[in-house]
Amino acid sequence: MYFDAHSDLLYDVTRRRLAGEDHVLEKYHLDRLRRGGVEGMVLALWTGTGQGQTFWRNTPEFADDAARTAVMMDCARAELSQCQPVALVHTVREAEAAREAGRLYAFLGVEGMAAIGADAGGIDRYYASGIRLGMLTWNEENPLATGAGGSAQNKLTAAGRAAVSRMQDLGMLVDVSHLNDGGFWDVIGLARGPVIASHSNCRSLCDVRRNLTDSQLRSIRDTGGVVGLNVYHGFVHADPEKQTAEMLARHAAHMAEVMGIEHVGCGFDFCEFMGPPDNNGAAGLEDASQIGNLFYWLEKLGMTWRERELVARENFLRVFRQVLG
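Residues numbered from 1 in each chain as written. Predicted model: local features only at pLDDT ≥ 70, side-chain atom pairs only at ≥ 80, totals over all residues. Heavy atoms only, no water.

Asks: How should the pattern of salt bridges be read in this particular structure?
Replies: Once their charged atoms are close, side chains differing in charge can pair, the charge on each being opposite to the other. With the rule as written, the count across this model stands at 20 salt bridges. The residue E39 makes a salt bridge to R313 at a minimum N-O spacing of 3.0 Å. Of this pair, E39 sits in strand β2 (residues 38–45) while R313 sits in helix α11 (residues 305–324); the two residues are 274 residues apart in sequence, bridging distant segments of the chain. A relative accessible area of 3% means that E39 is categorised as buried. The exposure class assigned to R313 is buried, which follows from its relative accessible area of 14%. One salt bridge connects R125 with D119, and the closest N-O pair in it is separated by 2.9 Å. Take R125: its relative accessible area is 49%, and that puts it in the partly exposed class. A network of salt bridges, in which partner residues are shared, links D12, R15, R16 and E21. (Salt bridge = Lys/Arg side-chain N within 4 Å of Asp/Glu carboxyl O. Helix = DSSP H or I, 4+ residues; strand = E, 2+ residues; numbered from the N terminus. Buried < 20%, exposed > 50% of the residue type's maximum accessible area, 1.4 Å probe, protein only.)

This is the structure in structure tokens:
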């Protein structure tokens, strides 16, 4: 069974519910999740408009990040209230209870906090609404920080530093997957506990801004955190012929060598429902039903059953238990 620390399914939920549909998870996604062995996930609220032709571009009534975040949260609550097979949870204890009851479990995260502007008090509102982990940015620059799409040298703003501090006070996981390098190191300097990168690969194997250097991997290890493997083809290898499940397994092996196996997890970032080819996963990992292909290659590379279990679910759940309870 697998825990996915980064799922964008709320994008599809929101798009379809705004078009008049309901029971979106059951109609379109649960079968693939079950066939892939997913036991739980983090459902991310992502409201950016900077990637291709997102449906937000056709909804001018939700013209800013705050409005988009509010409607996505409303759609998430409505969907999860209808979807008996999936339980909304806030702690690992609640996740375990859901699992024992035969349900999938879902934590809520926020992928970019542009909606709160420079108001670090917005962290409290996120927490009160059920958010338990968050990224200060997506790829954009906002009043808190600069994302991977901006200057690598920019630091966190004063409001961003306050936001990181407040997240840790409340017991909300800080996720650095979309931060630029300067902001990343500021977060590490502010860390009082585990920092995660929910969906990032190794820059030494695929040199793109969204992947992490070996020194960044080691710094996450030193906080007690975990890095989640990302299936997105462009983060796996520069050569399209090598954008495969086997190559992603090699990212996992490299992470294990650099950080130790206890700091490697899964944050798959499946986005096939956003439309090909820009959102394709690596070959053999096109959607959640194919997760087993990654673990086939992990075994082929020599990972033991116990090591594969740590990567599949236990490492992230350990950190979630430490921070969230």
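Asks: Would you take a moment to explain the environment of N230 for this structure?
Replies: If you trace the backbone, N230 turns up in the loop between β8 (227–229) and α9 (245–259). Sequence separation between N230 and G265 is 35 residues, and the spatial gap between their C-alpha atoms is 9.6 Å. Other than its neighbours up to four places away in sequence, N230 contacts H199, S200, N201, R210, F235, V236, L248, G267, F268 and D269. A polar side-chain atom of N230 sits 2.9 Å from the main-chain amide nitrogen of Y232. (Contact = heavy atoms within 4.5 Å. Polar contact = N/O pair within 3.5 Å; in protein donor to acceptor, adjacent residues only side chain to side chain.)

Asks: Is there a simple way to explain the pairing of strand β1 (residues 2–7) in this structure?
Replies: Buried residues dominate β1, accounting for six of its six residues. Sheet topology note: the β1/β2 ladder contains four bridges and is parallel. When the sheet's bridge partners are listed, D4 is paired in β2 with M41. (Pairing = 2+ DSSP bridges.)

Asks: What is the right way to read the packing of helix α10 (residues 291–300) against α11 from this model?
Replies: Pairs of packed helices are described in terms of their axes, by the angle between the two and the distance that separates them. Two numbers describe how α10 lies on α11: the axes approach to 10 Å, and their chain directions differ by 150°. Taken together, the axes of α10 and α11 lie roughly antiparallel to each other. Once α10 is placed against α11, the crossing between them reads as right-handed. Of the residues in α11, those in contact with F295, L298 and E299 of α10 are R308, V311 and A312. Partitioning the contact of α10 with α11 into residue classes produces four nonpolar, no polar and two charged. (Axes fitted to C-alpha atoms, helices over the stretch in contact; angles between N-to-C directions. Parallel < 35°, antiparallel > 145°, perpendicular 65-115°, else oblique. Left-handed = near helix turned anticlockwise from the far one by under 90°. Nonpolar A, V, L, I, M, F, W, Y, C, P; charged D, E, K, R; others polar.)

Asks: Help me understand the nonpolar core in this model?
Replies: Buried together is how nonpolar side chains tend to be arranged in soluble globular proteins. M113, L136, L294, F295 and V311 are the most contacted members of the largest nonpolar core, which totals 87 residues. Ranked by residue count, the leading element in this core is α9, at eight residues. Among residues more than four places away in sequence, those in contact with M113 are I123, Y126, G134, M135, L136, T137, N142, L144, M167 and M172. (Core = buried A, V, L, I, M, F, W, Y, C linked by side-chain atoms within 4.5 Å.)

Asks: Explain the packing of aromatic side chains to me, please; I cannot follow it from the model alone.
Replies: The way to describe two aromatic rings as a pair is by their centre distance and the angle between their planes. Tallied over the entire structure, the rule returns 14 aromatic pairs. On the basis of an interplanar angle of 65° and a centroid distance of 6.4 Å, the ring pair of F3 and F316 is categorised as edge-to-face. With F3 in strand β1 and F316 in helix α11, this pair connects stretches of sequence that are 313 residues apart. Under the relative-accessibility criterion, F3 is labelled buried at 1%. You can call F316 buried: its relative accessible area is 2%. On the basis of an interplanar angle of 75° and a centroid distance of 5.1 Å, the ring pair of F107 and F320 is categorised as edge-to-face. (Phe/Tyr/Trp six-rings, centres within 6.5 Å; stacked < 30°, edge-to-face > 60°.)

Asks: What is the right way to read the pairing of β2 from this model?
Replies: In the case of a regular strand, side chains alternate between the two sheet surfaces. Burial of β2 is extensive: eight of the eight residues sit out of reach of the surface. Both β2 and strand β4 (residues 104–111) contribute to a ladder of six bridges, which runs parallel. Each bridged residue has a counterpart across the sheet, and for L45 the counterpart in β4 is V110.

Asks: What's the story with α10 in this structure? I'm lost.
Replies: Helical geometry: 3.6 residues make up each α-helical turn, so side chains three or four residues apart lie on a common side. For α10, the full list of buried residues reads I291, L294, F295 and L298. Taken end-on, α10 shows its buried residues confined to a sector of 90°, consistent with a single buried face. A positive phi of about 105° marks G302, the residue just after α10. (Arc of directions from axis to C-beta.)

Asks: Sorry if this is basic, but what is going on with the environment of R16 here?
Replies: Within the secondary structure layout, R16 lies in helix α1 (residues 9–18). Separated by 209 residues in the primary sequence, R16 and G225 have C-alpha atoms spaced 35 Å apart. Here R16 is in contact with E21, V24 and Y28, once residues within four sequence places are set aside.

Asks: Help me out: how do you make sense of helix α7 (residues 181–190) in this one?
Replies: If you check which residues of α7 are buried, you get G182, G183, F184, D186, V187 and I188. Contacts made by the buried residues of α7 are with α6 (158–170), β6 (173–175), β7 (195–196) and α8 (214–223).

Asks: Would you mind going over unusual backbone geometry with me for this structure?
Replies: Excluding glycine, a negative phi dihedral is what most residues carry, and trans is how most peptide bonds are arranged. One non-glycine residue, H23, lies in the positive phi region at around 50°. As for its placement among the helices and strands, H23 is situated in the loop between α1 and α2 (24–36). A positive phi angle is found at D269, which is not glycine, with a value near 65°. Note on placement: D269 falls in the loop between β9 (264–266) and α10.

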